[in-house]
Number of protein chains: 2
Amino acid sequence: MAVTETIATTDLEFARLVGQQLRVDSIRCSTAAGSGHPTSSMSAADLIAVLIARYLQYDWNRPKDANNDHLIYSKGHASPLCYAMFKAVGAISDQELMTFRKFGSRLQGHPTPAIPWVDVATGSLGQGMPIAVGVALAGKYLDKLSYHVWALCGDSELAEGSIWEGLDKAGHYGLSNFTAIWDINRLGQRGETEFGWNLDAYRRRVEAFGCYPIVIDGHDMASIDRAYGEALSNTDKPTVIIAKTIKGKGFSEIENKDGWHGRALPPDMAERAIKELGGIRNLRVKTQKPERVAPPRRSAATQPVLPAYKKEDKVATRKAYGDALLALASIPEVVAMDGEVSNSTHADEFAKAHPDRFFEIWIAEQQLVATAVGMSVRGYKPFASTFAAFFSRAYDFIRMAGISQANLRLVGSHAGVEIGQDGPSQMALEDLAMMRAIHGSTVLYPCDPNQAARLTRLMADTPGIVFMRTTRGAYPTLYSPTESFKVGGSKVLRQSARDRVALIGAGVTVHSCLAAADALAAKKIPARVIDLYSVKPVDTRTLREAARVTRGRLVVVEDHYPQGGLGAAVLEALAEDPPVRLAHLAVKGLPASGKPEELMNAAGISARHIVAAATKLVGSK
Amino acid sequence: MAVTETIATTDLEFARLVGQQLRVDSIRCSTAAGSGHPTSSMSAADLIAVLIARYLQYDWNRPKDANNDHLIYSKGHASPLCYAMFKAVGAISDQELMTFRKFGSRLQGHPTPAIPWVDVATGSLGQGMPIAVGVALAGKYLDKLSYHVWALCGDSELAEGSIWEGLDKAGHYGLSNFTAIWDINRLGQRGETEFGWNLDAYRRRVEAFGCYPIVIDGHDMASIDRAYGEALSNTDKPTVIIAKTIKGKGFSEIENKDGWHGRALPPDMAERAIKELGGIRNLRVKTQKPERVAPPRRSAATQPVLPAYKKEDKVATRKAYGDALLALASIPEVVAMDGEVSNSTHADEFAKAHPDRFFEIWIAEQQLVATAVGMSVRGYKPFASTFAAFFSRAYDFIRMAGISQANLRLVGSHAGVEIGQDGPSQMALEDLAMMRAIHGSTVLYPCDPNQAARLTRLMADTPGIVFMRTTRGAYPTLYSPTESFKVGGSKVLRQSARDRVALIGAGVTVHSCLAAADALAAKKIPARVIDLYSVKPVDTRTLREAARVTRGRLVVVEDHYPQGGLGAAVLEALAEDPPVRLAHLAVKGLPASGKPEELMNAAGISARHIVAAATKLVGSK
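**Overview of the overall build of chain A**
Assigned secondary structure in chain A consists of 21 helices and 21 strands. Taken against the 2.2 N^0.38 rule, which gives 25 Å for 621 residues, the C-alpha radius of gyration of chain A at 28 Å falls within 12% of a compact globule. Along the first, second and third principal axes, the C-alpha atoms of chain A reach 90 × 50 × 40 Å. Per-residue burial over chain A gives 70% buried out of 621 residues. Across chain A, contacts joining residues at least 24 apart in sequence account for 78% of those joining residues at least 6 apart. Surface accessibility of chain A: about 19000 Å² in total, with carbon and sulfur atoms responsible for 51%. In chain A, which carries 72 positive and 65 negative side-chain charges, the distance between the mean positions of the two groups comes to 7 Å.

**Points about the interface of chain A and chain B**
Counting from both sides, the interface comprises 96 residues of chain A and, opposite them, 97 residues of chain B. Summed over both partners, the interface of chain A with chain B comes to about 8200 Å²; 52% of that surface belongs to carbon and sulfur atoms. Run the count over chain A and chain B and you get 12 salt bridges. One salt bridge connects B:Arg101 with A:Asp422, and the closest N-O pair in it is separated by 2.7 Å. Summed over the shared surface of chain A and chain B, the result is 52 residue pairs in polar contact (both at pLDDT 80 or more).

**Let's talk about the pairing of strand S20 (residues 553-557) of chain A**
All names here are of chain A. Among the five residues in S20, five count as buried, and that is most of the element. Side chains Arg553, Val555 and Val557 of S20 all project onto a buried face; the interleaved residues Leu554 and Val556 project onto the opposite face, where all are buried too. Taken together, the three bridges between strand S17 (residues 501-505) and S20 define a ladder with parallel strand orientation. Along S20, the bridge assignment pairs Ala502 with Leu554. In this sheet, strand S21 (residues 581-585) lies alongside S20 in parallel orientation, the contact comprising five bridges. Counted as the bridge partner of Val557 is Leu585 from S21.

**Quick look at the sheet that holds strand S6 (residues 212-217) of chain B**
Residue and element names in this part refer to chain B. Spatially, the five strands line up as an open sheet ordered S1-S2-S3-S7-S6, and their pairing is parallel. Each edge of the open sheet carries a strand with a single partner, namely strand S1 (70-73) and S6. Averaged over all neighbouring strand pairs, the angle between strand axes comes to 20°, with direction disregarded.

**Considering the relation of the copies chain A and chain B**
It takes a turn of 180° to lay chain A on chain B, together with a shift of 0.0 Å along the axis; the resulting RMSD is 0.0 Å. Those values place the two copies in the arrangement expected of a two-fold rotation axis. Looking at chain A, 100% of its interface residues are interface residues in chain B too, so the copies touch through the same face.

**So, the pairing of strand S18 (residues 527-531) of chain B**
Residue and element names in this part refer to chain B. Most of S18 is tucked away, with five of its five residues classed as buried. In S18, alternate side chains face the same way, and those of Ala527, Val529 and Asp531 on one face and Arg528 and Ile530 on the other are all buried. Pairing geometry for strand S16 (residues 491-494) and S18, over three bridges, is antiparallel. Looking at the pairing, Arg494 lines up with Val529 of S18. In terms of strand pairing, strand S17 (residues 501-505) meets S18 through five bridges, oriented parallel. Considered in S18, the bridge of Leu503 is made with Val529.

**As for unusual backbone geometry**
Residues and elements named next belong to chain A. Cis geometry is found at the peptide bond from Lys536 to Pro537, where omega equals -5°. Within the fold, Pro537 resides in the loop between strand S19 (534-536) and helix H18 (540-549). Positive phi outside glycine occurs at Lys144, with the angle close to 50°. Tracing the backbone through its elements, the reader meets Lys144 in the loop between helix H5 (128-143) and strand S2 (149-154). Note on Lys144: relative accessible area 59%, which makes it exposed. One non-glycine residue, Lys524, lies in the positive phi region at around 65°. Following the sequence through the fold, Lys524 ends up in the loop between helix H17 (508-522) and strand S18 (527-531).

**Details of helix H15 (residues 395-404) of chain B**
For an α-helix the count is 3.6 residues per turn, leaving residues at separations of three or four pointing the same way. Residue and element names in this part refer to chain B. Taking burial as the measure, the 10 residues of H15 include 10 buried ones, the bulk of the element. Within H15 the residues assigned to the buried category are Tyr395, Asp396, Phe397, Ile398, Arg399, Met400, Ala401, Gly402, Ile403 and Ser404. Immediately downstream of H15, the backbone of Gln405 shows phi near 50°, a positive value.

**Structural notes on the packing of helix H19 (residues 566-573) of chain A against helix H20 (residues 566-573) of chain B**
Relative to each other, H19(A) and H20(B) sit at 90°, their axes nearing to 9 Å. It follows from the interaxial angle that H19(A) and H20(B) lie roughly perpendicular. Listed contacts from H20(B) to A:Ala568, A:Leu571 and A:Glu572 of H19(A) are B:Ala568, B:Leu571 and B:Glu572. Its residues assigned to classes, the contact of H19(A) with H20(B) comprises four nonpolar, no polar and two charged.

**Concerning the environment of B:Gly464**
Residues and elements named next belong to chain B. Structurally, the position occupied by Gly464 is in the loop between helix H17 (449-460) and strand S14 (465-469). In this structure the C-alpha to C-alpha distance between Gly464 and Ile438, which are 26 residues apart in sequence, comes to 9.8 Å. The residues touching Gly464, leaving out its near neighbours within four places in the chain, are Ala406, Asn407, Leu408 and Gly440.

**Concerning the pattern of salt bridges**
Evaluation of the coordinates by the stated rule reveals 78 salt bridges over all chains. Of the charged contacts in the structure, one is a salt bridge between B:Lys169 and B:Asp168, with a shortest N-O distance of 2.5 Å. Linked by salt bridges that have partners in common, A:Asp25, A:Arg28, A:Lys87 and A:Asp94 make up one network.

**A few points about the side chain of B:Gln451**
Residues and elements named next belong to chain B. Its location among the elements puts Gln451 in helix H17. With a relative accessible area of 0%, Gln451 lands in the buried category. In this structure the side chain of Gln451 is engaged in a polar contact, spanning 2.7 Å, whose partner is the backbone nitrogen of Cys447. Ignoring any residue separated from it by four or fewer positions in sequence, one finds Gln451 in contact with Pro446, Tyr479, Phe485, Asp531 and Tyr533.

**Overview of the confidence of the model for chain A**
Detailed reading of the predicted model is not advised wherever pLDDT is low. All names here are of chain A. On average, residues of chain A score 95 in pLDDT, and 98% of them are at 70 or above. Long-range and interchain partners of residues 1-9, a stretch whose pLDDT sits below 50, account for 16 contacts in this model, where long-range means more than four residues apart. Two numbers describe this predicted complex: its pTM, 0.97, and its ipTM, 0.97.

**Considering the packing of aromatic side chains**
Within the structure shown, the criterion is met by 44 aromatic pairs over all chains. Ring geometry for A:Trp164 and A:Trp182: centres 5.9 Å apart, planes at 80°, overall edge-to-face. Here the residue A:Trp164 occupies a position in helix H6 (residues 161-172), and A:Trp182 occupies one in strand S3 (residues 178-184), the gap between them amounting to 18 residues. By relative accessible area, A:Trp164 is classed as buried at 2%. Judged by its relative accessible area of 0%, A:Trp182 is buried. Residue placement shows A:Arg205 over the ring face of B:Phe209; its charged tip is 3.8 Å from the ring centre. Geometry around B:Trp260 places B:Arg263 over its ring, the cationic atom sitting 4.2 Å from the centre.

**A look at H6(A)**
Residues and elements named next belong to chain A. Here H6 spans 17 Å end to end across 12 residues, near enough to the 16 Å set by a 1.5 Å rise per residue. Counting buried positions over the 12 residues of H6 gives 10, a clear majority of the element. Within the span of H6, buried status applies to Gly161, Ser162, Ile163, Trp164, Glu165, Gly166, Leu167, Asp168, Lys169 and Ala170. Gly174 sits one or two residues past H6 and shows a positive phi near 60°.

What counts, and at which threshold
- Residues numbered from 1 in each chain as written.
- Chains lettered and ligands numbered in written order.
- Predicted model: local features only at pLDDT ≥ 70, side-chain atom pairs only at ≥ 80, totals over all residues.
- Heavy atoms only, no water.
- Helix = DSSP H or I, 4+ residues; strand = E, 2+ residues; numbered from the N terminus.
- Rg over C-alpha atoms; globule rule 2.2 N^0.38 Å.
- Buried < 20%, exposed > 50% of the residue type's maximum accessible area, 1.4 Å probe, protein only.
- Contact = heavy atoms within 4.5 Å.
- Areas by Shrake-Rupley, 256 points an atom, 1.4 Å probe, with all protein chains shown as cover.
- Lys, Arg positive; Asp, Glu negative; His and termini not counted.
- Charge placed at Lys NZ, Arg CZ, Asp CG, Glu CD.
- Buried area = accessible area lost by both parts, 1.4 Å probe.
- Salt bridge = Lys/Arg side-chain N within 4 Å of Asp/Glu carboxyl O.
- Polar contact = N/O pair within 3.5 Å; in protein donor to acceptor, adjacent residues only side chain to side chain.
- Pairing = 2+ DSSP bridges.
- Axes fitted to C-alpha atoms, helices over the stretch in contact; angles between N-to-C directions.
- Least-squares fit on C-alpha atoms with pLDDT ≥ 70 in both.
- Parallel < 35°, antiparallel > 145°, perpendicular 65-115°, else oblique.
- Nonpolar A, V, L, I, M, F, W, Y, C, P; charged D, E, K, R; others polar.
- pLDDT = per-residue confidence, 0-100.
- Phe/Tyr/Trp six-rings, centres within 6.5 Å; stacked < 30°, edge-to-face > 60°.
- Lys NZ or Arg CZ within 6 Å of the ring centre and 35° of its normal.
- Expected span 1.5 Å × (residues − 1).

As structure tokens, this is what we get:
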């Protein structure tokens, strides 16, 4: 009973019919799946129809074309609409549309970049729009191309603080190439939203946050059309289109009714709905292709000349990071951003030398990570830095970036009790656990400046979410500038065939392990020392060999809470290799303020504790 | 050279002198410590001086008095000012003030509740104010007492989205008992803030977010005085005092100069500063004591009558949580809040029956947790719920709540690939790692409804951060309603003295372990099955016994990424007890959409994978 109509016209009546088709297809695919969000798709169908029929510039055959607009479904649960749109523009077949939410289909419950036309995974609300701001920043300041960045938002997600972090930065950076489309359908998952249809409340907020609001009826095709035109011609501010819409629009039985969030229509209702919407259509929208403009020529990458530190230097790894990041500027894709602490993380060296490639995000860590994700979408190599503890503020963004398989470099300074006087609020003591648990992540933790600089270099070419933990204080330089390191590597700093125990540390505790090994040697206990700088992936072979030589006697020392950190990394690696008898020194109590050495002592992670643990272990059966 | 003056007058000239004393003491203690934030303290000194001399109602001898106002330093780095204030009101001695930031002193780098007059730990910016909103919610809707809640904020932290989540809820709930004091000193850690002294930009935002802004000169005592008076008499909206201030105010050498953030003055400068500020004073401020009003009588707690499920019932643990939370309403301190998903977490049962004790926070997880922390400050037993994955949005708040040693109950539903079609954005696969790494946390994961209900009951009386993970789908009921559970416990569901392998699961994987044990029994391989429902603390004794009987052959199965979860919990517990040979089944790839059983199968955590792993392990040496 499908109705096939001719295409080509781009008038508003055609867009109206496309809107009906998008609704019908949203219903069809979700009813077939038995789950999904048809009603949240139906409210935004007209907004998307006008966009793809008359404004979006996108070559669906070349999703990687640098001139394409970007369209991010921040309301990722409107995936039926997103996929129905893919069908309408001819990117997928109707048959594929009907695989929605089925095992093995790329059309998952929420969009992910498993689909070539999807920039980032969404579904955790309040993230797509901030990431779109990051893409628009790249468009305006790095690519300098005229593509426009569109983000479709639901109204429930406007309660997320991250939305306001995003609008604030869009306003601050004058992102006139950015338009957020807010689908105000009044109904959230469990009833009315905080503001319902109080569009004026939204308008005032948007204005106050430095953006240009346009309030419209989201089902009036002419109004939508005018709003998009205005958004594109508004060249000094980002635009937010605040569209009053109706959830379930087009099917009278459920329009504007509570209780229909996230529910597929049962087959009989779906049939009535499709009938009311004019039946199944196979309209084909010819999206405008973008004008082909070559991106500005970038200078060719040259091999960075990394800083080199002498044996007698005492340089904090955070400083070495700053020096190395500056050197990495010879790779044109490297860009950096920081959460208003660049003079502590030392990202300020790069910021001063390359202000055109540095973005100050102020104290808004969610937007800090969102900006990095957006830059990653555009093929840049973003390095985002703040105190390691404060990446916990953006953990959901990092989690979603893992699902997006984005390429981020996150550098967290001021880790552990080692920071001293500032006290526990500034101490990252759970960052290794949190970063290890991210899908496909790499976790690095250098102990000396030459290592920190070389790991920074490695980060530039390592895909996925790469986290490096740097240290506040300065410690002896252990490695020469010619030493090489690798993701998944480790360094054995002391060893003999007679080692009776292995001392395993990373970062600041490597220095305690070395001191402990000296003390143990004086007690005639030969101890192997392993610098496990690659916390994930971990060097299982070296750990296994150490366990073999020492008959499983390992001491792991970390400036981190006991759960999920370096100790867990070692145990997980050796889980299937008995026998291991592991003494685990970590920060077990709640730390306070004091000098670094006082706090490390109080936490039981100093050299003397290592000596005691190793001695006891060696004496055990 | 200390100047001692008589007290008692509360006129503004006295307040001015108190302000100078607060500045002098902020300088003295930080210079003695060699670190700290004197300049950020000096900008806010007049604001605090007028507050304590003329408005704050607080009995410093009875910090737990229910009628006391609350004053939270959201800008926790202004700890010198906070501690100088404690001296001025006579709560601490000058001698103690000078222990600032020293090892063993309760006067840490940033305030923590180790000090009786501090409600919550601050220092991660943008948290104190949202928590103050939670306290004010308790004041207006639960305590129904007339105390006022004051929050002192810095300007850099206004970039945090959490500030706007907080103001939005303050406005929505009409918290006229709440006043935020914004110390706009223009300078952040590394230069000018985003808005500098553009007070009007702040004013517009505050207004748009439903609060009442008052813009003043933060060094004009009369203006400050009028603003506080207005804040208290403004009875329909929360107030935000936007005060233009000068960083380093009072010491001309550094006033309004960049480069002095977070730096103690060197001794010679400190001497000149103290001289310019009029020397050391020991003024004593007599804070007004609050009127003693008895809090409204609460009905006495009665023992909750927990729901009971029959063997033949198939009830999801999230539903059992909802039922149990409803039963817990018989404990008058139990309150609940949710992030607009209460019909999924099943907190809606409580919400419908007890709307006066339920708070809808909408999709703003940071404010969700902040509200719970604020309620915990007032002695309530908050249960906050959302999808487990979305607690990652509030991880920094949870981290800080751990430092505050707040008592929170967090319940996260929809964990793991088990959720099925919705896809990875909605799947908590790192929550066990993230929650285990919180200081003093308890992590629970029930597998059946009777267990879920009884663990919910336990949560009410368990101090610290208690997290329970619940499951979307319904599985067989394994336990009788009379079964008892404890924090740190486990249940051995199958055992014999001849067990050759132990299968360890929690939540949904317990059911797979039981099915696997049946299959192994058919292969004449007796397998022990352990339900490790208390993931932290973990039942080391039972694990040790299982390792002994099976000669270390353990299979751990979890619906979680491989890092830091159940496997790590087991390995950490048995680290010192060889030999253990642990096969670890977890979600190693990136999941997609599908039916729960398809996804668990694809992830390799189904019964057949357990059987294969156990068989291989039993066959190994």
